[in-house]
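Structural characterization, general
Given next are the chains, with one letter for each unit.
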Amino acid sequence: MAEKRTVAFHTLGCKLNFSETSAIGRMMEQEGFEKKEFDDLADVYVINTCSVTDNADKECRQIVRRIQRRSPQSMVVITGCYAQLKPREIAEIPGVDLVLGAAEKFNIATHLATLTKGDSTRICSCDIEDVSGFNASWSVNDRTRTFLKVQDGCDYSCSFCTIPMARGKSRSDSIRNVLNNARDLASNGVKEIVLTGVNLGDFGKGADGNKRNEESFFDLVKSLDEVEGIERYRISSIEPNLLTNDIIAFVANSRKFMPHFHIPLQSGSNEILSLMRRRYKKELYADRVKLIKTLMPHASIGVDVIVGFPGETEDLFKETFDFLHALDVSYLHVFTYSERANTVALDIKPIVPMNTRNDRNKSLRNLGYMKQQYFQHQFLGQNRKVLFEGHSKNGIMEGYTDNYIRVATPYRKEWVNEIIDWKL
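Not measured: the values here are computed from a predicted model.

Digging into the sheet that holds strand E5 (residues 98–100)
- One open sheet accounts for six strands, arranged E2-E1-E3-E4-E5-E6; its pairing is parallel. Pairing within the sheet leaves two strands with one partner each, and these edge strands are strand E2 (34–36) and strand E6 (122–124). Between one strand and the next, the sheet's axes are offset by a mean angle of 20°, whatever the strand orientation.
- Looking at chain direction, E5 and E6 are connected through three bridges and run parallel. Residue pairing in the sheet places Val-99 in a bridge with Ile-123 of E6.
- Contacting strand E1 (6–11), E2 and strand E3 (44–49), helix H1 (residues 15–30) runs over the sheet at an angle of about 175° to E1.

This is how it looks when you write it as structure tokens:
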């Protein structure tokens, strides 16, 4: 009997990438491959890339070099956003054998069947306008919580973003398929599902990228709330203009949707939001936060923000800082603007010096730390429900409260994948 070929995966970037890597891994196991840890020796290494920042590009190159030193005879496959955007650049990295764009990432096993180490690097990509269809994906972490992809692509044209070029037009799974996947996950012991997508609130456009929303994200939320066996849902990230009052009110009254929102802001200055081509003003954002906190005072609200965008003067940055300082949010994810090829933002002036960008990042990270400490301090002494995860870090297990406060405690096997009343 022939020995199984082995494959190992490494994922860069967002939770959506993690869910897709997990799906690709299951497909390759069905094709007869044996899955290995990335630090083990394997016949094939697959790197699922991101290209939101320069760091992701650099990290991809570093990982390929590491594989070459460890196992020069192994096949190296690069897929994901970086592979779609810059396939020829990746093909020139020594040691890369196969570059797969957005339309081919779920066909790795088929391509490997006709490829030999030492062949010229093969590029399988296409114009992003030709990418259609939807591949359902989910990542399972110790059977506790899973990131379930329900939407892909984006029809927005933010001036700093390459994601539409890397993932194509907005398209979705159907509610019927999502419900079937949720039921399957429940039957496998999953307690919590995190809904993910590129532009999650735009859910409803067909798998062919049909411009009309046949179904809505609100329809999906209401339907999922009825699925037996899943005890918790979270909405991973949703644009403020797509987070409707109806969705917020439904979550406030739901037994299963957690009081936790992650809402990208990007800037607290309307002038910068306009340059970014965002589809809302800061006043709308503040209204969304106010409604959430009115209906769910205990809710956690996370914020994405970009510093150092072209045209961001000191006064405009202060406007963002002051806006966030006054906003009743729980934590910040702060990103330093980095130039991306073929984006409109490259033509916006003046450019903010990198040292100024870094100083502003540090300033907002400090603010974010204080916001998080203040939010968590409000619940000291309260009992909240914590879903504990299965992995142990040096004898410690972790879990999250309903409102996304992380809890750590000495590992207890009987608590794995159980929701425990916990005094904070």
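So, next bit.
Thoughts on the side chain of Asn-403
- Position of Asn-403 relative to the elements: it lies in the loop between strand E17 (396–401) and strand E18 (406–410).
- Ignoring anything within four residues of it in the chain, the contact list for Asn-403 reads Pro-259, His-298, Ser-300, Phe-375, Phe-379 and Arg-384.

A closer look at the sheet that holds strand E15 (residues 331–336)
- Strand order in the open sheet made by the three strands is E13-E14-E15, with parallel pairing throughout. Bordering the open sheet on either side are strand E13 (260–266) and E15, each of which pairs with just one other strand. When the angles between neighbouring strand axes are averaged without regard to direction, this sheet yields 20°.
- Packed on one face of the sheet, helix H13 (residues 354–377) meets strand E14 (300–307) and E15 and runs near 170° to E15.

Quick word on the nonpolar core
- Judged by nonpolar contacts, the single largest core of 54 residues is most densely connected at Ile-193, Phe-217, Leu-224, Ile-292 and Leu-324.
- The greatest single-element share of this core, amounting to six residues, is contributed by helix H7 (residues 175–187).
- Among all residues touching Ile-193, those that are not within four sequence positions of it are Thr-146, Leu-148, Ala-182, Leu-185, Ile-230, Arg-232, Tyr-233 and Arg-234.
- In this structure, Ala-42, Ile-47, Ile-93 and Val-96 belong to the second largest nonpolar core, which totals 20 residues.

Topic: the environment of Val-303
- Tracing the backbone through its elements, the reader meets Val-303 in strand E14.
- Expressed as a C-alpha distance, the spacing of Val-303 and Arg-65, which sit 238 residues apart in the sequence, is 35 Å.

Quick word on the environment of Thr-6
- Inspection of the secondary structure puts Thr-6 in strand E1.
- Once the C-alpha coordinates of Thr-6 and Phe-160 are considered, the two residues, 154 residues apart in sequence, prove to be 39 Å apart.
- Ignoring any residue separated from it by four or fewer positions in sequence, one finds Thr-6 in contact with Phe-33, Glu-34, Lys-36, Leu-41, Ala-42, Asp-43 and Val-44.

A word on the pairing of E13
- Most of E13 sits out of view: seven of its seven residues are buried.
- Residues of E13 alternate between two faces, with His-260, His-262, Pro-264 and Gln-266 on one and Phe-261, Ile-263 and Leu-265 on the opposite face, all of them buried.
- By the bridge criterion, six bridges tie E13 to E14 in an arrangement that is parallel. Note that in E14 the partner of Ile-263 across the bridge is Val-303.

Some details on the packing of helix H9 (residues 245–253) against helix H11 (residues 282–295)
- For the pair H9 and H11, interaxial distance at closest approach is 10 Å and the crossing angle is 20°. Classed by the angle they form, the pair H9 and H11 counts as roughly parallel. Crossing angle aside, the handedness with which H9 passes H11 is right-handed. On H11, the residues touching Asn-245, Ile-248, Ala-249 and Ala-252 of H9 are Arg-288, Leu-291, Ile-292 and Leu-295.
- Each residue belonging to the contact of H9 with H11 can be placed in one class, and the counts come to six nonpolar, one polar and one charged.

Quick look at the pairing of strand E12 (residues 232–235)
- Taking every second residue as pointing to the same face, both faces of E12 are buried, with Arg-232 and Arg-234 on one and Tyr-233 and Ile-235 on the other.
- In the sheet, strand E11 (residues 192–196) pairs with E12 via four bridges, with the strands oriented parallel. By the bridge assignment, Glu-192 is partnered in E12 with Arg-232.

Examining the layout of surface pockets
- In this structure, the second largest pocket encloses a volume near 380 Å³.
- What lines the second largest pocket is simply Phe-9, His-10, Thr-11, Phe-18, Thr-21, Ser-22, Lys-35, Lys-36, Glu-37, Phe-38 and Ser-139.
- Of all the secondary structure elements, the ones that give two or more residues to the lining of the second largest pocket are E1, H1 and E2.
- Its residues assigned to classes, the lining of the second largest pocket shows three nonpolar, five polar and three charged.

Some words on H11
- Helix length check: H11, at 14 residues, gives a terminal C-alpha distance of 20 Å against a target of 20 Å (1.5 Å per residue), a fit within 8%.
- Within the span of H11, buried status applies to Lys-282, Tyr-285, Arg-288, Val-289, Ile-292 and Lys-293. In an axial view of H11, the angular spread of the buried residues amounts to 125°, which keeps them on one side of the axis. Facing away from the buried surface of H11 by more than 90 degrees, the exposed residues are Lys-290 and Thr-294.
- The inward-facing, buried residues of H11 abut H9, E13, helix H10 (270–275), E14, helix H12 (314–326) and H13.

Calculation criteria
- Residues numbered from 1 in each chain as written.
- Predicted model: local features only at pLDDT ≥ 70, side-chain atom pairs only at ≥ 80, totals over all residues.
- Heavy atoms only, no water.
- Pairing = 2+ DSSP bridges.
- Helix = DSSP H or I, 4+ residues; strand = E, 2+ residues; numbered from the N terminus.
- Axes fitted to C-alpha atoms, helices over the stretch in contact; angles between N-to-C directions.
- Contact = heavy atoms within 4.5 Å.
- Core = buried A, V, L, I, M, F, W, Y, C linked by side-chain atoms within 4.5 Å.
- Buried < 20%, exposed > 50% of the residue type's maximum accessible area, 1.4 Å probe, protein only.
- Parallel < 35°, antiparallel > 145°, perpendicular 65-115°, else oblique.
- Left-handed = near helix turned anticlockwise from the far one by under 90°.
- Nonpolar A, V, L, I, M, F, W, Y, C, P; charged D, E, K, R; others polar.
- 1 Å grid on protein atoms, 1.4 Å probe; cavity = no way out; pocket = protein on both sides within 12 Å on 5 of 7 lines; lining within 4 Å.
- Points joined across faces, edges and corners; volume = space filled by probe spheres on them.
- Expected span 1.5 Å × (residues − 1).
- Arc of directions from axis to C-beta.

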